[in-house]
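Topology and contacts: notes
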Amino acid sequence: MRTSRVILLAVVAALLLLLGYVIESPWLTLRALDRAVSRQQYAQIAKYVDFHALRSGMKAQVEDRLARAYGERASDGLMAQAAMTLANQASGKLVDAMVTPSGLVILF
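A short tour of the structure in this document, coming up. Being a predicted model, the structure only gives us computed values, none of them experimental.

Thoughts on unusual backbone geometry
- Non-glycine residue Gln40 carries a positive phi angle of around 55°.
- Mapped onto the secondary structure, Gln40 falls in the loop between α1 (2-38) and α2 (42-48).
- Residue Gln40 is classed as partly exposed on the basis of its relative accessible area, which comes to 47%.

As for helix α4 (residues 78-98)
- Here α4 spans 30 Å end to end across 21 residues, near enough to the 30 Å set by a 1.5 Å rise per residue.
- Those residues of α4 lying buried are Met84, Ser91, Gly92 and Val95. In a view along the axis of α4, the buried residues occupy a sector of 105°, so they form one face of it. Seen from the buried face of α4, the exposed residues on the opposite side, beyond 90 degrees, are Leu78, Met79, Leu86, Lys93 and Leu94.

As for the pattern of salt bridges
- In this structure the tally under the stated criterion is three salt bridges.
- When the shortest N-O distance is used, the salt bridge between Arg31 and Glu24 registers 3.6 Å.
- Judged by its relative accessible area of 44%, Arg31 is partly exposed.
- In this structure Glu24 comes out as partly exposed when scored by relative accessible area, which is 32%.
- For Asp96, the salt bridge identified is with Lys59, shortest N-O distance 3.0 Å. Here Asp96, found in helix α4, pairs with Lys59, found in helix α3 (residues 51-74); they are 37 residues apart in sequence, far enough to count as distant.
- Judged by its relative accessible area of 29%, Asp96 is partly exposed.

A word on the nonpolar core
- Of all hydrophobic cores here, the largest spans 10 residues; its members are Leu33, Ala36, Val37, Ile45, Val49, Phe51, Val95, Val99, Leu104 and Val105.
- Contributions of two or more residues to this core are made by α1 and α5 (101-107).
- A per-element tally of this core places α1 first, with three residues.
- When neighbours within four sequence positions are excluded, Ala36 is seen to be in contact with Gln41, Gln44 and Ile45.

Reading the values: rules and limits
Residues numbered from 1 in each chain as written. Predicted model: local features only at pLDDT ≥ 70, side-chain atom pairs only at ≥ 80, totals over all residues. Heavy atoms only, no water. Helix = DSSP H or I, 4+ residues; strand = E, 2+ residues; numbered from the N terminus. Buried < 20%, exposed > 50% of the residue type's maximum accessible area, 1.4 Å probe, protein only. Expected span 1.5 Å × (residues − 1). Arc of directions from axis to C-beta. Salt bridge = Lys/Arg side-chain N within 4 Å of Asp/Glu carboxyl O. Core = buried A, V, L, I, M, F, W, Y, C linked by side-chain atoms within 4.5 Å. Contact = heavy atoms within 4.5 Å.

Remember that the coordinates give geometry; whether it matters functionally is a separate question.
If you want it as structure tokens, here you go:
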């Protein structure tokens, strides 16, 4: 009976430690990322950030924002559609330029 109680306490303690780690893990990562940004350690930043996924997500958000703001005007004519296409291309290039380790250092 005593050994089963000790085993139960050990399992509960292990689960609490695991839960604490799961809760604390994002904060540990953000702290490490902040430290890497402040020290301008580009290789460390690249370990914490998936730049390909971040670029894709940012491009989609910018294109969506442009479509919401100017989408109705783009249907007005050929020049408006061309301007919308140019705006999307320019914003894509801007996102590509800013979503890099050095770009994140500048932004932060």
